[in-house]
Amino acid sequence: MESGKMYVSDKRDRLGRPIIINRKTKHRPADDRLQLKLLAYNMEKAVASMGPQEKGCFAGAVDKFQGEEQHNPDGQWLWILDLKHWSRKSSPPMSVTKETAKMLTHHYPERLGDLFIINAPGIFRFFWKLMQPFVDERTRKKIHFTSGDKMKELLLQYIEPENLEEEFGGQHVYNYSVDYEK
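What counts as what
Residues numbered from 1 in each chain as written. Predicted model: local features only at pLDDT ≥ 70, side-chain atom pairs only at ≥ 80, totals over all residues. Heavy atoms only, no water. Patch = residues over 30% accessible without salt bridge, like charges linked within 9 Å, V, L, I, M, F, W, Y side chains within 5 Å. Areas by Shrake-Rupley, 256 points an atom, 1.4 Å probe, with all protein chains shown as cover. Salt bridge = Lys/Arg side-chain N within 4 Å of Asp/Glu carboxyl O. Helix = DSSP H or I, 4+ residues; strand = E, 2+ residues; numbered from the N terminus. Buried < 20%, exposed > 50% of the residue type's maximum accessible area, 1.4 Å probe, protein only. Phe/Tyr/Trp six-rings, centres within 6.5 Å; stacked < 30°, edge-to-face > 60°. Contact = heavy atoms within 4.5 Å. Expected span 1.5 Å × (residues − 1). Arc of directions from axis to C-beta. Core = buried A, V, L, I, M, F, W, Y, C linked by side-chain atoms within 4.5 Å.

**Student:** Explain a nonpolar patch on the surface to me, using residue names and the numbers behind them.
**Tutor:** Together, Ile123, Phe126, Phe127, Leu130 and Met131 give the surface a local cluster of nonpolar side chains, amounting to about 490 Å² of exposed area. Tracing the backbone through its elements, the reader meets Leu130 in helix H3 (residues 122–131). By relative accessible area, Leu130 is classed as partly exposed at 45%.

**Student:** Mind laying out the packing of aromatic side chains, listing which residues take part and the relevant values?
**Tutor:** The final tally for this structure, using the stated rule, is five aromatic pairs. Residues Trp77 and Tyr108 carry aromatic rings whose centres are separated by 5.9 Å and whose planes lie at 50 degrees to one another, so their mutual orientation is tilted. Taken together, the residues Trp77 in strand E5 (residues 77–82) and Tyr108 in the loop between helix H2 (94–107) and strand E6 (112–118) connect sequence positions 31 residues apart. You'll find Trp77 and Tyr108 in the same group, each marked buried. Taking the centre distance of 5.5 Å and the plane angle of 70 degrees together, the rings of Phe126 and Phe127 count as edge-to-face.

**Student:** Before we move on, could you go through the environment of Leu36 and cite the residues and values that matter?
**Tutor:** Along the polypeptide, Leu36 turns up in helix H1 (residues 32–48). On a C-alpha basis, the gap between Leu36 and Thr100 in space is 6.5 Å, while along the polypeptide they are 64 residues apart. The residues contacting Leu36, other than those within four sequence positions of it, are Val96, Glu99, Thr100 and Met103.

**Student:** Now, about H2: what can you tell me, with residues and values included?
**Tutor:** The end-to-end C-alpha separation of H2 is 20 Å, in line with the 20 Å expected for 14 residues at 1.5 Å each. When H2 is considered as a whole, its buried residues turn out to be Val96, Thr100 and Met103. Taken around the axis of H2, the buried residues stretch over an arc of 65 degrees, which confines them to a single face. Pointing more than 90 degrees away from the buried face of H2 are the exposed residues Met94, Lys98, Thr105 and His106.

**Student:** Which residues make up the nonpolar core, and what values go with them?
**Tutor:** Counting residues in each nonpolar core, the largest one holds 24 residues, and the members touching the most others are Met6, Ile20, Met43, Trp77, Trp79 and Ile117. When residues of this core are traced back to their parent elements, those giving at least two are strand E1 (6–12), H1, E5, H2, E6 and strand E7 (143–146). It is H1 that contributes the most residues to this core, six residues altogether. Leaving out residues up to four positions away in the same chain, Met6 has contacts with Ile20, Ile21, Asn22, Leu38, Leu39, Asn42, Met43 and Trp79. Membership of the second largest hydrophobic core comes to 15 residues, among which are Met151, Leu155, Ile159 and Leu164.

And the structure:
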């Protein structure tokens, strides 16, 4: 948790959804099993940041997030997965990857609003092309690969400039702190 590898941003996207940031460059290979705990922690934190209607309690309610009304009736989140400097050497074992997919599928179904995979090495796009036919069309439409100048343009369609971190082309200055997590 101290590395800032994954966290729920203190901002929301244009639809009022929590923004989850995941930077694979900060992955430490020695912590593969802890990755699952960190994932669960952040998923629960994203859900906890949602209002009652987003958690499935009732429809039509309005949530207050940092003093502003937020509407997110589907209880979904936006996820930014930054793969800059990713290498096979620093990636988790396949068993952890499978457990991650299993956790997301079984415990957080339909929570994904949009996933932006940014700065992905070519191998990811290659495997995505192979896997696409086996992925539900609704899910496929939620997954966006982007990098460079197109990244900023695409992300700003979903996130206001003041809510998008500078690193991704926005104006929000976010300094990750473990104290924030407490």
